[in-house]
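Notes for the structure review
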Amino acid sequence: MSLSPKESALKKKLEYHYKYFDFSQISPDPLEFPHRFKNFHDIEISAFISSVFAYGNVKQINETLEKIHGMIKEPHRFVMKYNYESGLKKFAKIKHRFYTSEDIAKLFYALNRIYTNYGSLNYLFLLYYFDKDVSLKNTIAFFTEHFNSFLSEKGNLTQGLKFMSPDPMKGSACKRMNLFLRWMIRKDELDFGLWKEFSPSKLVIPVDTHVAKICKQLGLTKQKTTSWKMAEEITQKLMKFDPNDPVKYDFAICHIGMRKMEF
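Everything numeric in this text was worked out from a predicted model, so none of it was measured. (Residues numbered from 1 in each chain as written. Predicted model: local features only at pLDDT ≥ 70, side-chain atom pairs only at ≥ 80, totals over all residues. Heavy atoms only, no water.)

**Observations regarding a nonpolar patch on the surface**
To keep it simple, the criterion reads: Any residue with relative accessible area above 30% and no salt bridge may belong to a patch, with like charges joined within 9 Å and the nonpolar Val, Leu, Ile, Met, Phe, Trp and Tyr side chains within 5 Å. In this description, accessible areas are obtained by the Shrake-Rupley approach with a 1.4 Å probe, and a residue is regarded as covered only by the protein chains that are shown. Salt bridges are identified by distance alone: a Lys or Arg side-chain nitrogen within 4 Å of an Asp or Glu carboxyl oxygen. Only DSSP runs of H or I with at least four residues qualify as helices, and only runs of E with at least two residues qualify as strands; both kinds are numbered from the N terminus onward. When accessible area is computed with a 1.4 Å probe and restricted to protein chains, residues below 20% of their type maximum are described as buried, those above 50% as exposed, and intermediate ones as partly exposed.
Taken together, Tyr16, Tyr20 and Met261 make up a surface patch of nonpolar side chains, about 310 Å² in accessible area. Position of Tyr16 among the secondary structure elements: in helix 1 (residues 5-20). For Tyr16, a relative accessible area of 54% translates into the label exposed.

**So, the packing of aromatic side chains**
For any two aromatic rings, the description comes down to two numbers: the centre-to-centre distance and the angle of the planes. This is how it is decided: Stacked, edge-to-face and tilted labels apply to pairs of Phe, Tyr and Trp rings (six-membered ring for Trp) whose centres lie within 6.5 Å, assigned for plane angles under 30 degrees, over 60, and everything in between, in that order. Only Lys NZ and Arg CZ are tested; either one counts as a charge over a ring when it is within 6 Å of the ring centre and within 35 degrees of the ring normal.
Per the stated rule, a full pass over the model turns up 26 aromatic pairs. Pairing Phe125 with Phe180 gives two aromatic rings, centres 6.3 Å apart and planes at 45°, and the pair type is tilted. Residue Phe125 is found in helix 7 (residues 121-126), and its partner Phe180 is found in helix 10 (residues 175-185); the two are separated by 55 residues along the sequence. Of the residues examined, Phe125 reaches a relative accessible area of 0% and is grouped as buried. Clustering of aromatic rings is evident, with ring pairs tying together Phe48, Phe125, Tyr129, Phe143, Phe147, Phe180, Trp195 and Phe198. Seen from the ring of Phe98, Arg97 lies directly overhead, with NZ or CZ sitting 5.2 Å from the centre. One Lys or Arg, Lys132, reaches over the ring of Phe130 and ends 5.5 Å from the middle of that ring.

**Quick word on the side chain of His69**
Keep this limit in mind: Residues count as neighbours in contact if any of their non-hydrogen atoms are within 4.5 Å of one another.
Residue placement: His69 occurs in helix 3 (residues 58-72). Classification of His69 as buried rests on a relative accessible area of 6%. Contacts of His69, omitting those with residues within four sequence positions, involve Phe33, Arg36, Phe37, Ser46 and Ser50.

**Some remarks on helix 13 (residues 250-258)**
Counting buried residues in helix 13 gives eight out of nine residues, a clear majority hidden from the surface. Those residues of helix 13 not exposed but buried are Asp250, Phe251, Ala252, Ile253, Cys254, His255, Ile256 and Gly257. Turning to helix 13, the residues buried within the fold contact helix 1, helix 10 and helix 11 (209-217). Lys260 sits one or two residues past helix 13 and shows a positive phi near 55°.

**What to know about the packing of helix 2 (residues 40-52) against helix 10**
Put simply, the rule reads: All axes here are fitted lines through C-alpha atoms, helices being fitted over the stretch that makes contact, and every angle between N-to-C directions spans 0 to 180 degrees. The cut-offs work like this: below 35 degrees is roughly parallel, past 145 is roughly antiparallel, 65 to 115 is roughly perpendicular, and the gaps in between are oblique. Crossings are assigned a handedness: left-handed for a near helix turned anticlockwise from the far helix by less than a right angle, right-handed for a clockwise turn. Gly is placed with the polar residues, together with every amino acid not listed as nonpolar (Ala, Val, Leu, Ile, Met, Phe, Trp, Tyr, Cys and Pro) or charged (Asp, Glu, Lys and Arg).
The contact between helix 2 and helix 10 brings their axes to 8 Å, and the two run at 150°. Considering their axes alone, helix 2 and helix 10 lie roughly antiparallel with respect to each other. Read as a crossing pair, helix 2 and helix 10 show a hand that is right-handed. Residue-level inspection shows Ile43, Glu44, Ala47, Phe48, Ser50, Ser51 and Val52 of helix 2 in contact with helix 10, the latter providing Arg176, Met177, Phe180, Trp183 and Met184. Along the lines of polarity and charge, the residues of the contact of helix 2 with helix 10 split into eight nonpolar, two polar and two charged.

**Concerning the nonpolar core**
How we decide: Each nonpolar core is a collection of buried residues, namely Ala, Val, Leu, Ile, Met, Phe, Trp, Tyr and Cys, held together in the definition by side-chain atoms within 4.5 Å.
Phe48, Phe108, Phe143, Phe180 and Leu181 are the most contacted members of the largest nonpolar core, which totals 84 residues. Excluding residues within four positions of it along the chain, Phe48 makes contact with Leu107, Leu111, Leu121, Phe143, Phe147, Met177 and Phe180.

**Some points on the side chain of Asn62**
Structurally, Asn62 can be placed in helix 3. For Asn62, a relative accessible area of 14% corresponds to the buried category. Those residues within four positions of Asn62 in sequence are excluded, and the remaining contacts are Pro28, Asp29, Pro30, Glu32 and Phe33.

Written out as structure tokens, the structure is:
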């Protein structure tokens, strides 16, 4: 696909920023936490937790994640031995914006159920992954339904838990889930590429206020509000620049917005 002069200039800038935002630029970002681990399951669990809490001020996000990681130390071992009643006491003093301490205890209960029944998040996602799908929208929707069923075993879904696992079929941009999937599927200095069965070309960009603002300025979306539709539109535009890995530009775009830099 040939690019117009304007598109060629934008691609050049995107590639420049992608290369600039390497591992030396990772801080401050919740992605720092899974990089503390070497084991597949520890990375997977830490990444999932880190993405779940990735909303709001990055300082607040990292402070909460520091507390949680201080409690779980070995994520896979913690999840496999997890007891919900003990968890309620353990997390009693931790909350994060919309999440109560009880929501956090239920999150770890759901993870325990997933790892006990399926062995990994990777395996559960694979059950809902179809090569014919152009994106991971259906995969996310099926996972969310399954995940919510585990959360519901300990009572009705609170507002915090509903926020924790939104449904792309209902229009949510699913920023945090798309962020987790980017970390697991893409492979470079920042992203782990642990889930080798999935194609990076099916990823959808995680859209938050920073990404939305920059992408509007760059003409990558005409959508007014942050939604799945906006995320899809931006991803499709980025595919012009790298059809096999359109979401590779996400970290740079997000951090340019976060750090109030000029694109």
